[in-house]
Amino acid sequence: MSTQTIASLADIKATVDRLAMSTPVTDMHTHLYAPEFGELLLWGIDELLTYHYLISESFRWSEEEYSQFWSMTKREQADWIWKLLFIDHSPVSEAASGFITILKRLGFDVSSRNLDDYRQALAKRTVEQQVDTVMQLAGIEKIVMTNDPFDPVERPVWLSGKGKTDARFYAALRVDALLNDWDHAVKELQNLGYDVQAEWSERTKAETRRFLSEWITRMDALYLAVSMPGDFEYPADDHRSKMIDEVMIPVCQAKSIPFALMIGVRRRVNPSLRLAGDMSMLSDVSAVEALCRRYPEQKFLITMLARENQHELTVLARKFRNLMIFGCWWFLHIESMVEEMTRFRIELLGTSMIPQHSDCRVFEQLIYKWEHSRKIIGNVLAAKYEKLHHSGWTVTEEEIKRDLDDMLNRNFWRFLGKE
Ligand code: RAT
Ligand code: ZN
């Protein structure tokens, strides 16, 4: 490791680019699973092409009935999307160009445009091999999953004790139903043997806390997580505020884990598109402000979906050290937004934030989501070092390494108090 200061501007750019592309990453929010979770771990050409981001883009070019699309096999859906987005039109969107980045990095001949060749090549691999290959290619060291005890496929894996076998994967306990669909959550909790009622009684509160505590322990969950609509208000005289104040915060504090809120989604604006039918929505940053102020000892991991909320949220992070902003979420995970957000986050917070998470649903997506973002993070950071250099402040390679390691890895673990 070099402790030498870096002398020339060209060296700064080259060093930052190299380190930005290679620093090991902790991907702190994904929808990926360890191989022990079987069918929940999605990978391969057909899963990649039927990613919900690509489904919604495809329908812009087609008069096809939605029901017709959903009745096709996965392979037929993939062929349909391939034709519309890659053959009939050029794959220039973030999600479509991402698929091309994946093909290239996996060593396929992109120019052949032969989907079946790619399929056949992947069919020779096992899921375990593909997980190793992809993590190595993408430089991903640790992956945080999104875990739901109410999921009938996922639950048995945890109950059998196999959920914690692969040390590269970590759990995050997702609590959406408890906050956003209490009637459904009550039924699920009752099925799992917890003595809860729709009515907000002391017994119900205690049992819901017991559920969360037991599942945090079973999963070794790193944090509690929820996605919220943009009209989330806090404090309010509603179920959500009661659930947060009387159940979630007490459990997070007892377990010493952060609470992650992803705010600003409007679910199913076009239900025919299913998972692809969700929309972004402006949110009220003052809900986060109120949480951070009321619970100074509680850590909050926050991301928001509307571009319009990003600057205010970043300013708020200057006011509360118990607030860690993370990632460019979903519709913001496009190159122009990643660049804009990364630049003003660094300008307002230095390196004390988590610039990106992948939100991957299909394993190979790690390759493109991180490659595209690493490049931008490197460019933004290099420009800042170059400016310092012009003022006579010279950075060492070690310092560049430290800064990138903070942003891509350590800030998350430090915030959790786990390093
Ligand atoms: O990014 C996505 O794939 C979305 O569908 C959501 O899963 C979102 O990231 C979430 O975690 O709610
Ligand atoms: Zn997500």
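Our structure's up above, just so we're on the same page.
Quick caveat: nothing in here was measured; it's all calculated off a predicted structure.

Points about the pattern of salt bridges
Scanning all chains against the criterion turns up 29 salt bridges. Put simply, R414 and D406 hold a salt bridge, and the shortest N to O gap is 2.9 Å. A single network of salt bridges, built from pairs that share partners, joins D46, R75, D79, D116 and R119.

Observations concerning empty space enclosed by the protein
One water molecule sets the probe size; rolling that probe over the atoms shows where empty space is left. Summed over all chains, the structure comprises one cavity of 30 Å³ or more. If you list the elements that add at least two residues to the lining of the largest cavity, you get α6 (94–105) and α17 (365–390). Here the residues of the lining of the largest cavity sort into seven nonpolar, one polar and no charged.

Side note on the coordination of the zinc ion (ligand 2)
For the zinc ion (ligand 2), the protein coordination sphere consists of H29 (NE2), H31 (NE2) and D359 (OD), at 2.0 to 2.1 Å. Mapping the donors of the zinc ion (ligand 2) onto the primary sequence gives the spacing H-x1-H-x327-D. Of this pair, H31 sits in the loop between β1 (25–27) and α2 (45–49) while D359 is found in the loop between α16 (335–349) and α17, placing the two residues 328 residues apart along the sequence. Of the two residues, H31 and D359, both sit in the buried class.

Regarding the nonpolar core
Residues L178 and F259 are the most contacted members of the largest nonpolar core, which totals 149 residues. Top contributing element to this core by residue count: α17, with 10 residues.

Overview of the environment of E371
Checked against the element boundaries, E371 lands in helix α17. Judged by its relative accessible area of 11%, E371 falls in the buried class. Note: C-alpha distance between E371 and A138 (233 residues apart in sequence) is 7.0 Å. Apart from the residues lying within four places of it in its own chain, the contact partners of E371 are M21, T101, R105 and L366.

Details of the packing of helix α14 (residues 285–294) against helix α15 (residues 310–319)
One way to put it is that α14 packs onto α15 with a least axis distance of 10 Å and a crossing angle of 15 degrees. Our classification of the angle between α14 and α15 gives roughly parallel. In this structure, α14 crosses over α15, and the sense of that crossing is right-handed. Contacts between α14 and α15 involve V285, V288 and E289 from the former and E312, L313 and L316 from the latter. Residue classes in the contact of α14 with α15 are distributed as four nonpolar, no polar and two charged.

A few points about a negative patch on the surface
The grouping of D231, E233, D284 and E312 at the surface amounts to a negative patch. By the element assignment, D231 lies in the loop between β5 (224–228) and α13 (239–255).

With respect to the packing of aromatic side chains
Going through the model one piece at a time under the given rule, you end up with 21 aromatic pairs. Ring centres of Y33 and F37 lie 5.5 Å apart, and the angle between their planes is 45 degrees; on these two criteria the pair is classed as tilted. In terms of burial, Y33 and F37 fall into one category: buried. Through a chain of ring-to-ring contacts, three or more aromatic side chains come together here, namely F59, Y66, F69, W70 and W80.

A short note on the site of ligand 1
Taken together, H29, H31, H52, Y53, R174, S227, M262, R267, W329, W330, D359 and R361 are the residues near ligand 1. At 3.0 Å, a side-chain N or O of H31 approaches an oxygen atom of ligand 1. Residue H52 places a side-chain N or O atom 2.9 Å away from an oxygen atom belonging to ligand 1. For ligand 1, whose accessible area on its own is 310 Å², the fraction buried by protein is 98%. According to the grid-proximity analysis, the pocket containing ligand 1 is the largest pocket. Taken together, the residues of the shell around ligand 1 break down into four nonpolar, four polar and four charged.

Quick notes on the sheet that holds β1
Across the sheet, three strands lie side by side as β1-β2-β3; this open sheet has parallel pairing. Two strands lie at the open edges of the sheet, namely β1 and β3 (169–170), each paired on one side alone. The pairing of strand β2 (residues 140–144) with β3 spans two bridges and is classified as parallel. Opposite I143, over in β3, you have F169 as the bridge partner. Across the sheet, α17 touches β1 and β2, and the angle it forms with β1 is around 120 degrees. Helix-sheet contacts for helix α18 (residues 397–416) involve β1, β2 and β3, and the interaxial angle to β1 is about 55 degrees.

Each value, and the rule that gives it
- Residues numbered from 1 in each chain as written.
- Chains lettered and ligands numbered in written order.
- Predicted model: local features only at pLDDT ≥ 70, side-chain atom pairs only at ≥ 80, totals over all residues.
- Heavy atoms only, no water.
- Salt bridge = Lys/Arg side-chain N within 4 Å of Asp/Glu carboxyl O.
- 1 Å grid on protein atoms, 1.4 Å probe; cavity = no way out; pocket = protein on both sides within 12 Å on 5 of 7 lines; lining within 4 Å.
- Points joined across faces, edges and corners; volume = space filled by probe spheres on them.
- Helix = DSSP H or I, 4+ residues; strand = E, 2+ residues; numbered from the N terminus.
- Nonpolar A, V, L, I, M, F, W, Y, C, P; charged D, E, K, R; others polar.
- Donors = N, O, S within 2.8 Å, 3.2 Å for Na, K, Ca; no water.
- Buried < 20%, exposed > 50% of the residue type's maximum accessible area, 1.4 Å probe, protein only.
- Core = buried A, V, L, I, M, F, W, Y, C linked by side-chain atoms within 4.5 Å.
- Contact = heavy atoms within 4.5 Å.
- Axes fitted to C-alpha atoms, helices over the stretch in contact; angles between N-to-C directions.
- Parallel < 35°, antiparallel > 145°, perpendicular 65-115°, else oblique.
- Left-handed = near helix turned anticlockwise from the far one by under 90°.
- Patch = residues over 30% accessible without salt bridge, like charges linked within 9 Å, V, L, I, M, F, W, Y side chains within 5 Å.
- Areas by Shrake-Rupley, 256 points an atom, 1.4 Å probe, with all protein chains shown as cover.
- Lys, Arg positive; Asp, Glu negative; His and termini not counted.
- Charge placed at Lys NZ, Arg CZ, Asp CG, Glu CD.
- Phe/Tyr/Trp six-rings, centres within 6.5 Å; stacked < 30°, edge-to-face > 60°.
- Near = heavy atom within 4 Å.
- Polar contact = N/O pair within 3.5 Å; in protein donor to acceptor, adjacent residues only side chain to side chain.
- Sits in = over half its atoms within 2 Å of the grid points.
- Pairing = 2+ DSSP bridges.

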